[in-house]
Amino acid sequence: MNTVIVLFKRLTDNMRSPTTLRLFSCVPLLLSTVFAASNVVSLDDCPSCDTLKPAIQNVDDCPSCLALLSAFQSIALTGDDPFITTLTSLCIGLGTADPDVCTGLIAREGPILAHDLRSISITPTSGPSSTAQKLCDALMGMCVTHPVTPFTVPFPKPAPAHPKVFKSRGGKPIRVAHLSDVHIDRMYTVGAEANCTKSICCRDFDDSPPTPPTVPALPNGNSHCDSPISLADSMLEEIERLNPRFSIFTGDVVEGATWLVDQAKVTTDLQAFDAQMAAKLSAPIFPSLGNHDSAPVNAFARASSHAMNDSQFVFDTQSAGWEQWIKSAAAFEVKHHSGSYSAQVPGLGLRIVAVNTQYWYKQNFWLYDSDVFQPDPNGVIAFLVDALQAAEDAGDRAWIIGHIPLGKEDTMIDQSNYFDQVLQRYRNTIAGMFFGHSHKDQFEIAYSNYSAQTAENAVGVALIGPALTPTSGNPAFKFYDIDPDTFEVMDASVFFTNISESGFRIRRNPTWNLYYSARTTYGPLVGLPPNEPLSPAFWHNLTEVFVTNETAFQMFNTFISRGGAVTPCTGGDAGECKNTTICDMRAFRSENNCDTPAEGFSLRRRGVDQIRSDADACEGTGLAQVFSRMFGV
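Since the model is a prediction, treat every value here as computed from it, not as a measurement. (Residues numbered from 1 in each chain as written. Predicted model: local features only at pLDDT ≥ 70, side-chain atom pairs only at ≥ 80, totals over all residues. Heavy atoms only, no water.)

1. Focus: the packing of helix α10 (residues 263-280) against helix α11 (residues 312-336)
(1) Moving on: Across the interface, α10 lies against α11 with an axial gap of 10 Å and an inter-helix angle of 10°. Regarding the angle of α10 to α11, the classification is roughly parallel. Together, Gln263, Val266, Thr267, Leu270, Gln271, Asp274, Met277 and Ala278 of α10 and Phe313, Val314, Thr317, Gln318, Gly321, Trp322, Gln324 and Trp325 of α11 make up the contact between the two elements.
(2) Moving on: Looking at the contact of α10 with α11 residue by residue, the classes come out as eight nonpolar, seven polar and one charged. (Axes fitted to C-alpha atoms, helices over the stretch in contact; angles between N-to-C directions. Helix = DSSP H or I, 4+ residues; strand = E, 2+ residues; numbered from the N terminus. Parallel < 35°, antiparallel > 145°, perpendicular 65-115°, else oblique. Contact = heavy atoms within 4.5 Å. Nonpolar A, V, L, I, M, F, W, Y, C, P; charged D, E, K, R; others polar.)

2. Side note on the pattern of salt bridges
(1) Moving on: A full pass over the atoms with the stated rule returns 25 salt bridges.
(2) Moving on: Arginine 351 serves as the salt-bridge partner of aspartate 396, at 2.9 Å between the closest nitrogen and oxygen. Of this pair, aspartate 396 sits in the loop between α12 (380-394) and β6 (397-401) while arginine 351 is found in strand β5 (residues 350-354), placing the two residues 45 residues apart along the sequence.
(3) Moving on: The exposure class assigned to aspartate 396 is buried, which follows from its relative accessible area of 12%.
(4) Moving on: In this structure arginine 351 comes out as buried when scored by relative accessible area, which is 17%.
(5) Moving on: Between glutamate 591 and arginine 589 there is a salt bridge, with the nearest N and O atoms lying 3.6 Å from each other. (Salt bridge = Lys/Arg side-chain N within 4 Å of Asp/Glu carboxyl O. Buried < 20%, exposed > 50% of the residue type's maximum accessible area, 1.4 Å probe, protein only.)

3. Looking at the UniProt feature "binding site: Zn(2+) 2" (unreviewed entry) in the chain
(1) Moving on: Per the UniProt record, "binding site: Zn(2+) 2" (unreviewed entry) is found at Asp252, Asn291, His403 and His437. These annotated residues cover 186 residues of sequence, and their C-alpha atoms lie no more than 8.3 Å from one another, placing them together at a single site.
(2) Moving on: If you trace the backbone, asparagine 291 turns up in the loop between β3 (285-287) and α11.
(3) Moving on: At 2.8 Å, the side chain of asparagine 291 and the side chain of asparagine 298 are in polar contact.
(4) Moving on: As for its position among the elements, histidine 403 is in the loop between β6 and α13 (413-425).
(5) Moving on: Side-chain polar atoms of histidine 403 contact the side chain of asparagine 291, separated by 3.0 Å. (UniProt positions renumbered as here; feature names shortened; annotations may be inferred. Polar contact = N/O pair within 3.5 Å; in protein donor to acceptor, adjacent residues only side chain to side chain.)

4. Digging into the sheet that holds strand β7 (residues 430-435)
(1) Moving on: Pairing is mixed across the open sheet formed by six strands, whose spatial order is β4-β5-β6-β7-β9-β8. Strands at the two margins of the open sheet, each flanked by one partner only, are β4 (341-344) and β8 (442-447). Strand-to-strand twist in this sheet, taken as the mean axis angle between neighbours without regard to direction, amounts to 20°.
(2) Moving on: Direction of pairing for β7 relative to strand β9 (residues 458-464): parallel, over a ladder of three bridges. Bridging from a neighbouring strand, phenylalanine 434 pairs with leucine 463 of β9. (Pairing = 2+ DSSP bridges.)

5. A short note on the layout of surface pockets
(1) Moving on: In this structure, the second largest pocket spans a volume of roughly 460 Å³.
(2) Moving on: Along its surface, the second largest pocket is lined by 25 residues, and Arg397, Ile430, Ala431, Glu488 and Pro536 are the ones closest to its centre.
(3) Moving on: When residues of the lining of the second largest pocket are traced back to their parent elements, those giving at least two are β7, β9 and β11 (489-496).
(4) Moving on: Looking at the lining of the second largest pocket, its residues break down into 14 nonpolar, seven polar and four charged. (1 Å grid on protein atoms, 1.4 Å probe; cavity = no way out; pocket = protein on both sides within 12 Å on 5 of 7 lines; lining within 4 Å. Points joined across faces, edges and corners; volume = space filled by probe spheres on them.)

Structure (C-alpha cells):
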C-alpha cells in the first residue's frame, strides 16, 4: 500500500508535466488494487484519498484539470463502487457537506460521472478531447475557452422575401401569468430548524439535532428553505384572482434536497403540482420542464447513451399531467420528443413552443459520455425548427418557453449558438421568449450582429421569470400585458410577497402586491411611446440608460431579487460588477456573456453562509457544487 501511495504522490506532485500525463496510463491497475480493498466512510479511513490531495492542490489550469480527471478516470475504470466510495470519502473527509448529503448525492450522480470517464479519452496522444475539456468546464470551471463548434442549423425553407406583417389594432391587452421555479418542499415542517447546515432547511432530516431549533420554520416559508405547499397555494390563488387568459410555467417543481430525491419522489412531486395548478387555476397552463424535474437532478440522458436510468418517466408523467391544458397532440409530443411540445393557445393565433433546455445544460452529466460531437441532442433544436416553420406557414406567431436561458454561463455555448441561428431565421414569427432557472428577474437581448450591439440590431429578448422559492429573494411571479394582434409584450409586472414583513410571518395567507411595472418604471427612462411594445430595442435602450444612470441601475439590481436578497454592486468592484451585469443583459448567446469563471483552486473548507450563497441559484446542491466546495473553487 505504501509503495502505491508514494508512486501516486510522485505522479501527482507535478500534474502538468508531459511525463506525468503519460505515466497516468499506468495508474488504473495500481488504483484498482487500492480501492478494491477499500470500504471507507471518511478521509481518515481512506489513505488513497490522501494521495489525491497533491493532485487537487496542483489543479490551477486546464492541463492540470485534465490530469486530475485522468486520475479519477483510473478509479472509474475499476467500477462504480470504488469511484463512489472515493468521492464520498473525499466529500465527507474534507467537510464539503454533511455526511448524508455527500453520501446521497454522490450515490445518485456519481455513476453517471463514472460512466462518462469510462467512455471518453481524456489525454490521448493527439491531444485532449473536446468532451474532456467541456467536462472540466462543467465540474471545475476550467478549460472554458474552447470555441463554438461550427454547425449550421438546417431549415426546411428560406426566410420569406415578404414576411407577414403583424400590426396592432390597439385592442385591449391579453393578460398572461408567468410562474417559475416553485421548488415546493412537500416535507416542509413548521417548527423545524430553519438555520441548518444543509443547502435547504425547514424539514426534519435524519441527522437533525434533538435540541430545540434556533430559528423555527414558520408557516409561509424562510429564506433558507424551499417553498411550503401553503406558499404555492397562495401564489396560485393570487394569479387566479388576477384572471389571466392563460399562464406559462418555466419549470422546476422539485425541491432542492437533491441528495434525497429519487424517481418516485420526482413523480409524486410533479403529479402533485399538476393537481395544484388544476385545482387553483381555471385558465389554460402551458408548462415546461426544469433541471430539477428529474432524478438524479439535471439528468436527462441522450438517446445515444442507452441509459437504464433515463428520464422517460418524466416525459410519461408530464404527458399525462399536462394533456388537460395542451391537448392530446402536444401531450404525445412531450412523451415522444423528450419533453418538448407545440400547442395552440385556444382562440388565438399564437402557438406555445416548449423546449427541454436541459439537453444544453452543462450540469447534465449525460452530455459527456462520448467523444463524438452531437450538435442537437435528442433533436430538440430540430423539433423547434419544425414547430416554428409550422407556425410561419400558418401565419401564426409563436412564443418559446423553456427553463434555462440561452445566455447563462451554465448553458453549452454550442447549442446556445445554434438556438440563436433559429431565432435569427424565425424572428418574424417569434413574438416572445420566456425562461426561468436563475431565480432572478432578468432579461437577455439577442442581436443580428453581436459585435455591434445597438437598438437597431436588437432582434429578440428573453424575459426571465423570478422564483417562488424564498431562497433567492422575495417570492414572486410575473404578469404580462400582451397585444392581442401581435402577441408582443406591452408591459411586464412583478407581483411579490415580502418575507420580511411581519404579516408574512404570522398571517395564514401571505399578501401579494404589485412590486413594479416595467412600462411605468422604465418607460419614462427611455422615452417609450404610449402604444409601443417592450421590444428588443426598448430593452437595449434601457441598458444604455443603466450605463450612465447609476440610480436606475441600482434600482434594477434591487429588482433582481425583488428586494429580498440584494447583492451589492457598488464599492471598489462596482465598475466590474456593473459592466458584467450589463454585458449579461446583452448576451442571449452564452458565448457573449461575461461570467466566465476564473481558473484555480485553493483547498479549504467553506462556511455555511458561502455554501448557501452558492446554492441560491437554481442548481442548489449538485455534483459540480460538491466538486467546487471540495476543492475550494
